[in-house]
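The residues making up each chain are set out below.
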Amino acid sequence: MTQVKTFKKKQVIIWLSALILGAGLGLLNSEGLMQFFNFIASVYTRLFQFIAVPTIAIALTTTLSMLGLKKSTGRIFAHTIFYTLLTTFAAAFVGLLLYTIIEPGTLPQSLVSEGFAEVPKNLETLSYYDHILGVIPNNVVNPFLSGNVLGILIVAAAVGLGLAFMPESENKSTLLKGILGLRELLFTLIRALVWALPLGIVAFAAQLSNQMNAGIVVDSLGKYIAVVLGGNAIQFFIVLPLILFVRGLNPLTVFKKMSPAVMMAFFTKSSAATLPVTMQSAEDNLKVKPEIARFVLPICTTINMNGCAAFILVTSLFVMQNTGVELSLGMMFLWLVISVVSAVGNAGVPMGCYFLTLSLMVGMNANIGVMGVILPLYAIIDMVETAENVWSDSCVCAIVNEKNS
């Protein structure tokens, strides 16, 4: 454990050092250096796009495919899904409220003009029916080729549910082993990408400091960060404890007994990596029934993403606003639903929310240059969000255990 803590401290120091180094190099205003950093930033963005979509699809498919093996726990599963959706929706709604109250401004055009896609001219003329219809795929391959992440989620859900209700056979077992093997491969690639991320942080930080203009960026980004972290704080310290209190549980007791998992999540930035500690804390400290903890927590690790839902919503609105899309109240609520659905299909791995949001914006043809501005700040956001996700997992597990005692 001491070695793990030392490694995490070194990782945080490296990321912060990369942020400072990049900011300093960007202030040099060297044309040749900035061309190099722009190239590095483009490479990292492409790698994110490459790894994000298949990871999301495989995570959702494998989760749903396991439901057929748990037929005796239908009531527990129903309670898990209900409280997962309740807490996830609450987190996104809090983020939406803060966004409308704080109103983050737009970044300078010079900063967002280097994005990788442009908003279609007729985007504002599309009806909600057209938007929803565009999500529904008419073949298996097209969503992957077009980067339509919501369409991919539909395909993944269909495949996962199909596997869940297939009769047990050697073919099904072989297919599941192959899919699970692919998931392990994708997670390995993500770990490699995160390991090499300091170079990307240097590049994005250099871009940011080089293009910062008269405090406008700082003001807009400051408000954006206030919305994201403020929403996380309200969900963590007010909403989730209130839900526990209503269900007759002491929030302080639950938090104290689950604090090892929450702290582990903060440093690892991965709900999946924290799962063994979460299960051990739930069974040994919180005294949750093993059959409940071992069923509820793996599901929550994959689909209960409070922090991710809020991040997807707030960041998507911020990116679209900086692209020139008019954010009506109806569109905001539409994206509230989209963020909850997308968060449910997100992988519980480091940078998972960032990958998914980036893919969503690519699918919307939004200018994703803003995502490069956010990336240097995402290390801290990811730590806070993952801690919130695991705290929410703990709350859902405690409530389901109490309801099925």
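Each value, and the rule that gives it
- Residues numbered from 1 in each chain as written.
- Predicted model: local features only at pLDDT ≥ 70, side-chain atom pairs only at ≥ 80, totals over all residues.
- Heavy atoms only, no water.
- Helix = DSSP H or I, 4+ residues; strand = E, 2+ residues; numbered from the N terminus.
- Buried < 20%, exposed > 50% of the residue type's maximum accessible area, 1.4 Å probe, protein only.
- Contact = heavy atoms within 4.5 Å.
- Patch = residues over 30% accessible without salt bridge, like charges linked within 9 Å, V, L, I, M, F, W, Y side chains within 5 Å.
- Areas by Shrake-Rupley, 256 points an atom, 1.4 Å probe, with all protein chains shown as cover.
- Salt bridge = Lys/Arg side-chain N within 4 Å of Asp/Glu carboxyl O.
- Axes fitted to C-alpha atoms, helices over the stretch in contact; angles between N-to-C directions.
- Parallel < 35°, antiparallel > 145°, perpendicular 65-115°, else oblique.
- Left-handed = near helix turned anticlockwise from the far one by under 90°.
- Nonpolar A, V, L, I, M, F, W, Y, C, P; charged D, E, K, R; others polar.

*Asks:* Tell me what's going on with the overall build of the chain, and back it up with residues and numbers.
*Replies:* Each helix and strand counted, the chain has 17 helices and 0 strands in total. Counting every position in the chain, which comprises 405 residues, the buried fraction comes to 54%. Within the chain, contacts between residues separated by at least 24 positions form 85% of all contacts whose residues are at least 6 apart in sequence.

*Asks:* Talk me through a nonpolar patch on the surface; I want residue IDs and the actual numbers.
*Replies:* A cluster of nonpolar side chains, Phe89, Phe93, Leu97, Ile101, Leu329 and Phe333, forms an exposed patch at the surface whose accessible area comes to about 580 Å². The set of elements that each furnish at least two residues to the nonpolar patch consists of α3 (74-102) and α15 (329-344). Broken down by element, the residue count for the nonpolar patch peaks at 4 residues, all from α3. Residue placement: Phe333 occurs in helix α15.

*Asks:* Hey, could you go over the packing of helix α14 (residues 306-323) against α15 for me, with residue numbers and the actual values?
*Replies:* Contact geometry of α14 with α15 gives a least axis separation of 8 Å together with a crossing angle of 135°. Between α14 and α15, the angle falls in the class oblique. α14 and α15 meet at a crossing whose hand is right-handed. Seen from α14, the contacting residues are Cys308, Ala309, Ile312, Leu313, Ser316, Leu317 and Met320; seen from α15, they are Met332, Trp335, Leu336, Ser339, Ser342 and Ala343. A breakdown of the residues in the contact of α14 with α15 according to their chemical character gives 10 nonpolar, 3 polar and no charged.

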